[in-house]
Amino acid sequence: MTSDSSNNPIAAPSAAPTQSNAVVTPNPASAGATTTSTATPLNPTAPAESAAESSVTAGDAVPDAAPDAAAQPTESASAPEQPLIKDLQVRFKSEEGQLLLMLPPETETTDPPSPTALTWADLWQQLKQRLSGGDRFWQPGTVVHLMARDRLLDGRQLQAIADALLEVQLQLKRVSTSRRQTAVAAATAGYSVEQQAPVAHLSQPTATPPPALADPLYIQTTVRSGVEIRHPGTIVVLGDINPGSSLIADGDILVWGRLRGVAHAGASGNTQCRIMALQMEPTQLRIAESLARAPEKPPAQYYPEVAYVTSEGIRIARSADFAKTQLLISVQSGQTS
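About the criteria used
Residues numbered from 1 in each chain as written. Predicted model: local features only at pLDDT ≥ 70, side-chain atom pairs only at ≥ 80, totals over all residues. Heavy atoms only, no water. Pairing = 2+ DSSP bridges. Helix = DSSP H or I, 4+ residues; strand = E, 2+ residues; numbered from the N terminus. Axes fitted to C-alpha atoms, helices over the stretch in contact; angles between N-to-C directions. Parallel < 35°, antiparallel > 145°, perpendicular 65-115°, else oblique. Left-handed = near helix turned anticlockwise from the far one by under 90°. Contact = heavy atoms within 4.5 Å. Nonpolar A, V, L, I, M, F, W, Y, C, P; charged D, E, K, R; others polar. Buried < 20%, exposed > 50% of the residue type's maximum accessible area, 1.4 Å probe, protein only.

1. Some words on the sheet that holds strand 1 (residues 91-95)
For step 1, the next point in the chain: In spatial order, the strands read 1-2-3-4-5-7-9-11-13-14; together these ten strands make up an open sheet with mixed pairing. The open sheet is flanked by strand 1 and strand 14 (290-292), the only strands paired with a single partner. This sheet shows a mean twist of 15° between the axes of neighbouring strands, independent of strand direction.
For step 2, the next point in the chain: In this structure, strand 9 (residues 246-249) lies alongside strand 11 (residues 262-265), joined through three bridges in parallel fashion. Within strand 11, the residue paired with Ile248 across the bridge is His264.

2. Observations concerning the sheet that holds strand 10 (residues 253-259)
For step 1, the next point in the chain: Reading across from one edge, 6-8-10-12-15-16 is the order of the six strands in this open sheet, with mixed pairing throughout. For this open sheet the edge positions go to strand 6 (214-219) and strand 16 (313-318), each flanked by a neighbour on one side alone. Between one strand axis and the next, the sheet turns by 25° as a mean value, whatever way the strands run.
For step 2, the next point in the chain: Here three bridges tie strand 8 (residues 233-237) to strand 10, and the two strands are oriented parallel to one another. Across the sheet, the residue bridging to Ile235 is Ile253, located in strand 10.

3. Comments concerning the packing of helix 2 (residues 120-132) against helix 3 (residues 155-167)
For step 1, the next point in the chain: Here helix 2 crosses helix 3 at 10°, and the two axes come no closer than 10 Å. The pairing of helix 2 with helix 3 is recorded here as roughly parallel in orientation. Crossing of helix 2 against helix 3: the hand is right-handed. Where helix 2 abuts helix 3, its residues Trp120, Trp124, Leu127, Lys128 and Leu131 lie against Gln157, Ala160, Ile161, Ala164, Leu165 and Glu167.
For step 2, the next point in the chain: By residue class, the composition of the contact of helix 2 with helix 3 is eight nonpolar, one polar and two charged.

4. Side note on unusual backbone geometry
For step 1, the next point in the chain: Phi angles above zero are rare outside glycine, and Arg149 is one such case at about 55°.
For step 2, the next point in the chain: Residue position: Arg149 is located in strand 3 (residues 142-149).
For step 3, the next point in the chain: For Arg149, a relative accessible area of 22% puts it in the partly exposed group.

This is how it looks when you write it as structure tokens:
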């Protein structure tokens, strides 16, 4: 099956660049001297464009220090130390027999809001510190579930996280995210994906009902065996669904290729959802609570088909015949009304 190259998935943009807040303290003994301060270098495995260095080089103009500078403490020395906010730290958590790697959110969800937002460079440094620390409570070979929240991660950053985990004998297998771009990057990299509803800001009214379905998730890749993709909307795959993989969507499922795994549309209970594929060879089909399995004897020739729910259960029809049937039903409904 050859995918249509004109339908490219939405690429996840790189992480935003960061800036170093270097503090220059004047020396009363030599007020006219220049001072150099360089930001801490990033780990070479992190993406190059995700951070930038900030420095004051020799030869740059530095204002003269005040006469009583020695008697007055600097701002950095007198400022109280900021307490660590648990929600803004990279954390490991053991839950129900699995190891969760929890990243802090990208948007402000603390009350009051934190004065600084964590960048990819901050996350990377925290992750390396956690992995190199002595408080390891996991066993070698443990599977890791990455809780990315609304953090925007591209394929290179996900690979950097996976490589760092592999160095301490941990395996990244699953990614949970509320960002569609992160979900696409994770699915393309071959990880199981669970796209969650976006987390509301604390200042937003909680009475506002969420939308019925999330925006469609478009993926251009072959979903390999062992990979599961969950999405609170419609899933569109430009590629094949291999046996042993599964798609779970609250909306429809459209496969522009061979569907040979498990497909569950209308997972939240919507019986009007449908499953469509160019070649329907599923291990199992589910629409809402209805369940169907593929026939034991494959057909002599495959056609684009649609699976839908009737009063007798799930039925599969050719796409052309299904379109004609739906058009006839619509015409009859209009005449009776």
